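One-letter residues, chain by chain:
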Amino acid sequence: QVEQRHYLVSKAVEEVQKIIQQLTTEISCKATRFQAISNSGIHNENIKVLAPSQFLITVPLRGLTGYRECQVRHWRYYTVHGAKLLSSVRDPEELHQWLEVEQFSKSLQQWHETDVNIEGDLVPAKVLIVFRELVEKSIISCNLSSKVTVLESFSSVVRVAVETSESQVEVELVPAVEIPTCWPKKAQWPRCLKRWPSQEKVQCIKSLGFDLLARSNYHWQLCFSRAEHILMEGLDEDGGCRMKCFRVMRQMKEDVWCAGNKPVVTAYHLQTVLFWTCEKYPRTKDWRCFPEAFLRLVQKLHKCVSQHFLKHYFVKNTNLLKYANTSDLDLVAGKLAVFLENPVFCLD
């Protein structure tokens, strides 16, 4: 089952990647601020597979280099169309942070223009509005109307439906500012000295930096895709079965515990569950016996889903299930409880 899933998802990624690369290349020709996604196969860091029919693709922004964090914290707020509000709506989210054009030592003149900039602030909502218009125009100019459809959205988030040879995939296209040179102060990781990951790996991961995603109105969302990729890549250097556990858990989640095109629990949540479990059980011997290791992983998932609380691995006090539908979570928790009472691998 896992091998079959890998084949189908790899095929979908390949097809979607080819179409979105063509689309973003056209967008980049129309506006140099947006960069085409790379064509690097199934392990493309721009593509995150949340579920077999639900992808997130980051579109790098060009012309912002030499990032430095703000010394003074002053939060400002904007409407979905990027208009400035006189008073704050709410406290900033844990996973979000502010971004001003002056935080970069070098910036293209286009980032100073009013279509994305308000009094020096780079506003995600405004970037998304510009990007959405470019997506709509480029679908037509690239003759992709039969393969790509822009989906309606309550906010300025850009979602498209992509037709593949096997099925339809919903893709969220997210403009991203890549910060490859530093680690955010908000991500105080590791919290304590553990044997997993090693201090050498921690330093390597932090040197790769992070990204800021345009996924909200006023603040940019922190993203650690490169860090997550390196952690996943080196999981079983000691000969353990961590990756096997993860793949089987993902398969069971998609087929039995939480199926559907828009699951309340995605592969991204499972990845975080895996990281926490690896940190709690860092020894090689804890990952030699597949049944025991797998059940530990499922027990951790059950606890998180039951409590509606899953901590972000890099940013403390951040709940990845904060906005999830609680009824859906309870349904998943019930199915996990049934499995744990009698752990039989039945995918019928």
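Fair warning: this is a prediction, and the values are worked out from it, not measured in the lab.

Student: It is not clear to me how the overall build of the protein chain should be interpreted in this structure. Could you clarify?
Tutor: The number of helices and strands found in the protein chain is 8 helices and 12 strands. At 21 Å, the protein chain has a C-alpha radius of gyration in line with the 20 Å of a compact globule built from 348 residues. For the protein chain, the spread of C-alpha atoms along the three principal axes comes to 60 × 50 × 35 Å. Counting all 348 residues of the protein chain, 51% fall into the buried class. Across the protein chain, the fraction of contacts at a sequence separation of at least 24, relative to all contacts at a separation of at least 6, is 69%. Total accessible area computed for the protein chain in this model is approximately 16800 Å², and 51% of it derives from carbon and sulfur atoms. A distance of 5 Å separates the average location of the 44 positive side-chain charges in the protein chain from that of its 39 negative side-chain charges.

Student: How should unusual backbone geometry be read in this particular structure?
Tutor: Most of the time, phi is negative for any residue but glycine, and the peptide bond is trans. Along the chain, W189 connects to P190 via a cis peptide bond; the corresponding omega equals 0°. With respect to the secondary-structure elements, P190 resides in the loop between strand 10 (168-179) and helix 3 (199-207). Geometrically, the link from W196 to P197 is a cis peptide bond, its omega value of -10° lying close to zero. Although it is not a glycine, E119 sits at a positive phi angle of roughly 50°.

Student: Even after reading the chapter, I still don't get the nonpolar core, so can you show me in this structure?
Tutor: As a rule of thumb, soluble globular proteins bury nonpolar side chains together. L173, F294 and F314 are the most contacted members of the largest nonpolar core, which has 106 residues in total. Residue-level mapping places this core at the junction of two domains, with at least three residues from each of domain 1 (1-177) and domain 2 (235-347). Apart from the residues lying within four places of it in its own chain, the contact partners of F314 are W183, A187, Q188, W189, R191, F224, A227, E228 and L231. With 7 residues, the next largest nonpolar core counts Y78, V123, A125 and Y218 among its residues.

Student: Before we go on, may I ask you to explain the pattern of salt bridges in this structure?
Tutor: Side chains carrying opposite charge are able to pair once their charged atoms draw close together. Summed over the entire model, instances satisfying the criterion amount to 18 salt bridges. E228 serves as the salt-bridge partner of K48, at 3.2 Å between the closest nitrogen and oxygen. Of the two residues, K48 is situated in strand 1 (residues 47-51) and E228 in helix 4 (residues 225-233); the sequence distance between them amounts to 180 residues. Overall, E228 belongs to the buried group, its relative accessible area being 4%.

Student: I keep staring at the side chain of N117 and nothing clicks. Help me out?
Tutor: Of note, N117 is situated in strand 6 (residues 117-118). For N117, the side chain forms a polar contact with the main-chain oxygen of W111, separated by 3.0 Å. Ignoring sequence-local partners within four residues, the contact set of N117 consists of V101, W111, H112, L122 and K126.

Student: Looking at this structure, I do not really get the domain arrangement of the protein chain. What am I missing?
Tutor: By a widespread convention, an interface's size corresponds to the accessible area lost as its parts come together. Partitioning the protein chain into domains gives domain 1 (1-177) and domain 2 (235-347). Once you take the C-alpha centre of each, domain 1 and domain 2 turn out to be 28 Å apart. Residue-level contacts link 15 residues of domain 1 with 20 residues of domain 2. In total, domain 1 and domain 2 occlude about 1400 Å² of area from one another, counting both sides; carbon and sulfur atoms represent 51% of this. The largest per-residue losses of area from domain 1 upon contact with domain 2 belong to R5, E94 and L95, which jointly make up 34% of the total buried on that side.

Student: Looking at this model, I keep getting lost on the packing of helix 7 (residues 290-307) against helix 8 (residues 326-341). Mind explaining?
Tutor: Relative orientation and spacing of two packed helices are given, respectively, by the angle between their axes and the distance between those axes. It is at 9 Å that the axes of helix 7 and helix 8 come closest, and there the two elements cross at 150°. Viewed along their axes, helix 7 and helix 8 adopt a mutual orientation that is roughly antiparallel. Judged by the twist between their axes, the crossing of helix 7 over helix 8 is left-handed. On the side of helix 7, the interface is formed by F294, L295, V298, Q299, L301, H302, V305 and S306, while helix 8 contributes L329, V332, A333, L336, A337, F339 and L340.

Student: Help me understand the side chain of Q97, please; the structure alone is not making it clear to me.
Tutor: Considering the arrangement of structural elements, one finds Q97 in strand 4 (residues 96-97). Among the polar contacts made by the side chain of Q97, one reaches the side chain of Y67 at a distance of 2.8 Å. Every residue in contact with Q97, bar those within four places of it in the chain, is listed here: Y67, E69, W75, P184, K186, F210, L212, H219, W220 and L222.

Student: Help me understand the UniProt feature "domain: Mab-21-like HhH/H2TH-like" (unreviewed entry) in the protein chain in this model?
Tutor: Annotation from UniProt places "domain: Mab-21-like HhH/H2TH-like" (unreviewed entry) at residues 241-336. Helix makes up 61% of residues 241-336 and strand makes up 0%, while its end C-alpha atoms are separated by 21 Å.

The rules behind these values
- Residues numbered from 1 in each chain as written.
- Predicted model: local features only at pLDDT ≥ 70, side-chain atom pairs only at ≥ 80, totals over all residues.
- Heavy atoms only, no water.
- Helix = DSSP H or I, 4+ residues; strand = E, 2+ residues; numbered from the N terminus.
- Rg over C-alpha atoms; globule rule 2.2 N^0.38 Å.
- Buried < 20%, exposed > 50% of the residue type's maximum accessible area, 1.4 Å probe, protein only.
- Contact = heavy atoms within 4.5 Å.
- Areas by Shrake-Rupley, 256 points an atom, 1.4 Å probe, with all protein chains shown as cover.
- Lys, Arg positive; Asp, Glu negative; His and termini not counted.
- Charge placed at Lys NZ, Arg CZ, Asp CG, Glu CD.
- Core = buried A, V, L, I, M, F, W, Y, C linked by side-chain atoms within 4.5 Å.
- Domains from an automatic or database assignment.
- Salt bridge = Lys/Arg side-chain N within 4 Å of Asp/Glu carboxyl O.
- Polar contact = N/O pair within 3.5 Å; in protein donor to acceptor, adjacent residues only side chain to side chain.
- Buried area = accessible area lost by both parts, 1.4 Å probe.
- Axes fitted to C-alpha atoms, helices over the stretch in contact; angles between N-to-C directions.
- Parallel < 35°, antiparallel > 145°, perpendicular 65-115°, else oblique.
- Left-handed = near helix turned anticlockwise from the far one by under 90°.
- UniProt positions renumbered as here; feature names shortened; annotations may be inferred.

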